[in-house]
Amino acid sequence: MAQVHRMPDLAARRGYHHGNLREALLEAARNLVAERGPQGFTLTEAARRAGVSPSAPYRHFKDREEVLAELSRRGFALFGQRLQAAATAGASPAEGLARMGPAYLAFARDEPGYYAAMFAFQPPRPEDETEEAAKEAPFMTLTRAVAGLLPKDGRDPRLVALQVWALSHGVAMLERAGLPPPGSDAPSAEAVLDSGVAALLGRR
């Protein structure tokens, strides 16, 4: 009897065999979010970019909101690590805080997919304490840095830290939107952030 040569099925040809489908889908979704925003992608598009069938994502995710929640979780974890590294790299508390501003802006530039998911999607309060701590870590790092430099004027370091974060986020989002337009001779994002943080701390 002649031997029958069977073609590999779609799953084998498109990467199911390597066991990394979940990561491939998340990477595809992260790129789509970076390009189009959190509401600008579908699981079908993510599947297409990952080279799998439209039904494949549902092996790992209930819906697109679950994908966004995972991108948000990973983004906050990486964001916290970057800010902590910047804060501890300074030779003094002032230098540490000064390094955090550029680190913040660099994260928004380098990881637009994570950054967009982090601030556009609000998942339910995590049940896992480790996950919750990871999400709170950036704010706690910033609060400690602010507390070490804030004048003894009775202001709550958490309030000032939140003001610094709001300023940082605003500067990052304006830059992402292309504002002010290139060629306008406006100060750099770093210069704006540095000046604003100094004003909030009462150092200028």
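Just so it is clear, the model here is predicted, and its values are computed rather than measured. (Residues numbered from 1 in each chain as written. Predicted model: local features only at pLDDT ≥ 70, side-chain atom pairs only at ≥ 80, totals over all residues. Heavy atoms only, no water.)

Enquirer: Explain the overall build of the protein chain here, please?
Expert: Summing up its helical and strand segments, the protein chain has nine helices and zero strands in all. Counting over 204 residues, the protein chain shows a buried share of 38%. The contacts of the protein chain with a sequence gap of at least 6 include a subset with a gap of at least 24, amounting to 65%. Surface accessibility of the protein chain: about 11800 Å² in total, with carbon and sulfur atoms responsible for 55%. (Helix = DSSP H or I, 4+ residues; strand = E, 2+ residues; numbered from the N terminus. Buried < 20%, exposed > 50% of the residue type's maximum accessible area, 1.4 Å probe, protein only. Contact = heavy atoms within 4.5 Å. Areas by Shrake-Rupley, 256 points an atom, 1.4 Å probe, with all protein chains shown as cover.)

Enquirer: I keep staring at the layout of surface pockets and nothing clicks. Help me out?
Expert: One way to see where empty space is left: roll a probe the size of a water molecule over the atoms. Of the pockets and cavities examined, the largest pocket occupies roughly 350 Å³. Lining the largest pocket are 24 residues, and of these Leu 97, Ala 98, Gly 101, Asp 194 and Val 197 lie nearest its centre. With seven residues, helix 5 (residues 93–110) is the single largest residue contributor to the lining of the largest pocket. (1 Å grid on protein atoms, 1.4 Å probe; cavity = no way out; pocket = protein on both sides within 12 Å on 5 of 7 lines; lining within 4 Å. Points joined across faces, edges and corners; volume = space filled by probe spheres on them.)

Enquirer: Looking at this model, I keep getting lost on the nonpolar core. Mind explaining?
Expert: Nonpolar side chains tend toward joint burial in soluble globular proteins. One finds Val 67, Leu 71, Phe 79, Leu 97, Leu 142, Val 146 and Leu 201 to be the most contacted residues of the largest nonpolar core, which totals 49 residues. Of all the elements in the fold, those that place two or more residues in this core are helix 2 (21–36), helix 3 (43–50), helix 4 (64–89), helix 5, helix 6 (112–120), helix 7 (129–147), helix 8 (157–176) and helix 9 (189–200). When residues no more than four places from it in sequence are discounted, the contact partners of Val 67 are Leu 26, Ala 29, Phe 41, Leu 43 and Phe 61. (Core = buried A, V, L, I, M, F, W, Y, C linked by side-chain atoms within 4.5 Å.)

Enquirer: What am I meant to see in the side chain of Glu 70 here?
Expert: Along the chain, the position of Glu 70 falls in helix 4. Glu 70 has contacts with Arg 22 and Leu 26, leaving out every residue within four places of it along the chain.

Enquirer: Looking at this structure, how should I read the environment of Arg 74?
Expert: Mapping Arg 74 onto the fold places it in helix 4. Separated by 43 residues in sequence, Arg 74 and Ala 117 have C-alpha atoms that sit 9.7 Å apart. Excluding residues within four positions of it along the chain, Arg 74 makes contact with Arg 22, Glu 23, Leu 26 and Tyr 114.

Enquirer: Help me understand helix 6 in this model?
Expert: For the α-helix, the turn length of 3.6 residues means that residues three or four positions removed from each other point alike. With seven of nine residues buried, helix 6 is to be regarded as a mostly interior element. Within helix 6, burial applies to Pro 112, Gly 113, Tyr 114, Tyr 115, Ala 116, Ala 117 and Met 118. Elements in contact with the buried residues of helix 6: helix 2, helix 4, helix 5 and helix 8.

Enquirer: Would you mind going over helix 5 with me for this structure?
Expert: End to end, helix 5 covers 25 Å across 18 residues, agreeing with the expected 26 Å (1.5 Å per residue, within 8%). Here helix 5 has its buried residues at Gly 96, Leu 97, Met 100, Gly 101, Ala 103, Tyr 104, Leu 105, Phe 107 and Ala 108. (Expected span 1.5 Å × (residues − 1).)

Enquirer: It is not clear to me how the environment of Arg 64 should be interpreted in this structure. Could you clarify?
Expert: Structurally, Arg 64 can be placed in helix 4. Taking the relative accessible area as the measure of exposure, Arg 64 reaches 16% and is therefore buried. Each C-alpha atom of the pair Arg 64 and Gln 39 lies 9.4 Å from the other, and the pair is 25 residues apart in sequence. At a separation of 3.4 Å, a polar atom in the side chain of Arg 64 contacts the side chain of Gln 39. (Polar contact = N/O pair within 3.5 Å; in protein donor to acceptor, adjacent residues only side chain to side chain.)

Enquirer: I tried to follow the packing of aromatic side chains on my own but got confused; where do I start?
Expert: Here a ring pair, both rings aromatic, is described through the centre-centre distance and the interplanar angle of the planes. Evaluated as defined, the whole model comprises nine aromatic pairs. The interplanar angle of 90° and the centroid separation of 6.3 Å between the aromatic rings of Phe 119 and Trp 165 together place this pair among those described as edge-to-face. One end of the pair, Phe 119, is in helix 6; the other, Trp 165, is in helix 8, and 46 residues separate them in sequence. Phe 119 gets classed as partly exposed once you look at its relative accessible area, which sits at 32%. Residue classification places Trp 165 among the buried positions, given a relative accessible area of 14%. Every member of this aromatic cluster is reached through a ring pair, and the members are Phe 76, Phe 79, Tyr 104, Phe 107, Tyr 115, Phe 119, Phe 139 and Trp 165. Just above the ring of Phe 41 sits the side chain of Arg 64; from NZ or CZ to the centre is 4.7 Å. (Phe/Tyr/Trp six-rings, centres within 6.5 Å; stacked < 30°, edge-to-face > 60°. Lys NZ or Arg CZ within 6 Å of the ring centre and 35° of its normal.)

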